[in-house]
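Summary of structural features
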Amino acid sequence: MFFLSSVRREPTFREGLRDMAPVALGIGAWGLMTGVAMVKSGMSVVEAVAMTLLVYAGSSQLASIPLLVAGAPFWVVLATGFCVNLRFVVFSLHLRPYLMHLPRWRRMTHGYLTADMSYAMFTSHYPEPPSTDAQRRSQEAYLTGGYFVTWASWMGMSLIGVALGNLIPQSWGLGFAGVLSLVGILCSMATSRLRVLAALIAGATAVAAYAFPLKLNIVAAIGVAVMLCFWIEKGFVPNPAAEDDA
């Protein structure tokens, strides 16, 4: 929504820009590595650019690339992308009361632009949905400011990675650098004991199921972590909001 002047004029738009700026470097490094990985995997420049612009989901792109290279069935690629991005269903449900007053096309645009860090920053800054028109405009502008940083960082560096993909040698270890940047972003989101537990369960499951074909250990890790943590939250955490604050 950052292309709308009415949104950019809100003071909270610049506030969202400032708050999100510190993570731009990590997002950019991840985008650069993903752009290089797409070209190195055998995708054409046109295909890599189209995937960057249309998919805009780094973890899903990285998970689907080896499946596409291996010639995995179409349903496996779709299932993997769905599982990897399952967290965005939760994000959208949480953001629903913040954005339901907007026209459908604007809500769809927000859905496309939503990213992990912009969601986390916004919900920590505004724990309660707006109750007045002024608050609605202010909160949307803050969210949009965060969107601009994450989208511009990702797109710019990912497209640079696509352009330089055939020039950057494998020995530079960009894949490892991208993994480190992703781990750093994920660690910053582990703000409660339940989230830390979910990360540990997913990691252990992915290692235990490493022998699964077509990288299906990733799908298994996500499914096991979601189901176990949902069961734990319902059965042992009487107040999830209090747990998040812990």
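As a starting point, this report considers the structure included with it. (Residues numbered from 1 in each chain as written. Predicted model: local features only at pLDDT ≥ 70, side-chain atom pairs only at ≥ 80, totals over all residues. Heavy atoms only, no water.)

1. Observations regarding the overall build of the protein chain
This is how it is decided: A run of DSSP states H or I qualifies as a helix once it reaches four residues; a run of E qualifies as a strand once it reaches two. Both are numbered from the N-terminal end. Throughout this description, buried means an accessible area under 20% of the type-specific maximum (1.4 Å probe, protein chains only), exposed means over 50%, and partly exposed covers the range between. In what follows, residue pairs with any heavy atoms lying within 4.5 Å of each other are defined as contacts. Method for areas: the Shrake-Rupley scheme with a 1.4 Å probe, in which residue coverage is limited to the protein chains shown.
Within the protein chain one finds 14 helices and zero strands. Burial statistics for the protein chain: of 246 residues in total, 41% are counted as buried. When contacts within the protein chain are restricted to residue pairs at least 6 apart in sequence, those whose partners lie at least 24 apart make up 78%. Surface accessibility of the protein chain: about 13,300 Å² in total, with carbon and sulfur atoms responsible for 70%.

2. Some remarks on the environment of Trp30
Structurally, the position occupied by Trp30 is in helix α3 (residues 24–40). The exposure class assigned to Trp30 is buried, which follows from its relative accessible area of 8%. Distance in space between the C-alpha atoms of Trp30 and Gly161 is 9.9 Å, their sequence separation being 131 residues.

3. Re a nonpolar patch on the surface
The following threshold applies: Grouping into patches uses exposed residues only, defined as over 30% relative accessible area, and leaves out salt-bridged ones; the cut-off is 9 Å for like charges and 5 Å for nonpolar side chains (Val, Leu, Ile, Met, Phe, Trp, Tyr). One side-chain nitrogen of Lys or Arg within 4 Å of one carboxyl oxygen of Asp or Glu is enough to make a salt bridge.
A contiguous nonpolar patch, built from Leu53, Leu54, Val55 and Leu159 and spanning about 340 Å² of accessible area, is present on the exposed surface. At three residues, the largest contribution of residues to the nonpolar patch is made by helix α4 (residues 45–55). Considering the arrangement of structural elements, one finds Leu53 in helix α4. Accessibility expressed as a relative area gives 38% for Leu53, which makes it partly exposed.

4. A look at unusual backbone geometry
Even without glycine at this site, Tyr56 takes up a positive phi of about 45 degrees. The exposure class of Tyr56 is buried, given its relative accessible area of 10%.

5. Focus on the packing of helix α2 (residues 11–20) against helix α10 (residues 133–164)
Counted only if it meets this: Note on geometry: axes are C-alpha line fits, over the in-contact stretch for helices, and angles between N-to-C directions span 0 to 180 degrees. Here roughly perpendicular refers to angles of 65 to 115 degrees, roughly parallel to angles under 35, roughly antiparallel to angles over 145, and oblique to all remaining angles. Crossing handedness is defined as follows: a turn of the near helix away from the far one that is anticlockwise and smaller than a right angle gives a left-handed crossing, while the clockwise case is right-handed. Each residue gets one label: Ala, Val, Leu, Ile, Met, Phe, Trp, Tyr, Cys and Pro are nonpolar, Asp, Glu, Lys and Arg are charged, and the others, such as Gly, are polar.
Put simply, α2 and α10 touch, their axes get as near as 7 Å, and they point 40 degrees apart. For the element pair α2 / α10, the angle class is oblique. α10 is crossed by α2, and the crossing has right-handed handedness. The segment α2 lies against α10, with Thr12, Phe13, Glu15, Gly16, Leu17, Asp19 and Met20 engaging Ser138, Ala141, Tyr142, Thr144, Gly145, Gly146, Phe148, Val149 and Thr150. Residue composition of the contact of α2 with α10, by class: seven nonpolar, seven polar and two charged.

6. Comments concerning the side chain of Ser60
Here Ser60 is to be found in helix α5 (residues 58–69). With relative accessibility at 9%, the residue Ser60 sits in the buried group. Beyond its immediate stretch of four places on either side in the chain, Ser60 contacts Gly81, Val84 and Asn85.

7. Comments concerning α3
Condition: A helix is expected to span 1.5 Å for every residue after the first.
An ideal rise of 1.5 Å per residue puts 24 Å on 17 residues; α3 measures up with 24 Å between its terminal C-alpha atoms. Looking at α3, one finds that the buried residues are Ile27, Gly28, Trp30, Gly31, Leu32, Met33, Thr34, Gly35, Val36, Met38 and Val39. Backbone geometry just downstream of α3 places Gly42 in the positive-phi region, at approximately 110 degrees.

8. Focus on helix α7 (residues 87–99)
To be explicit about the condition: Bend, in this description, refers to the angle at a residue between axes fitted to the seven residues ending there and the seven starting there.
Counted at 1.5 Å a residue, the expected span for α7 with its 13 residues is 18 Å, and the 18 Å between its end C-alpha atoms agrees. At Leu93, α7 shows its largest bend, some 30 degrees, and a proline, Pro97, comes one to four positions later. Within the sequence span of α7, burial applies to Phe91, Leu95, Tyr98 and Leu99. The secondary structure elements touched by the buried residues of α7 are α8 (104–113), α9 (116–125) and α10.

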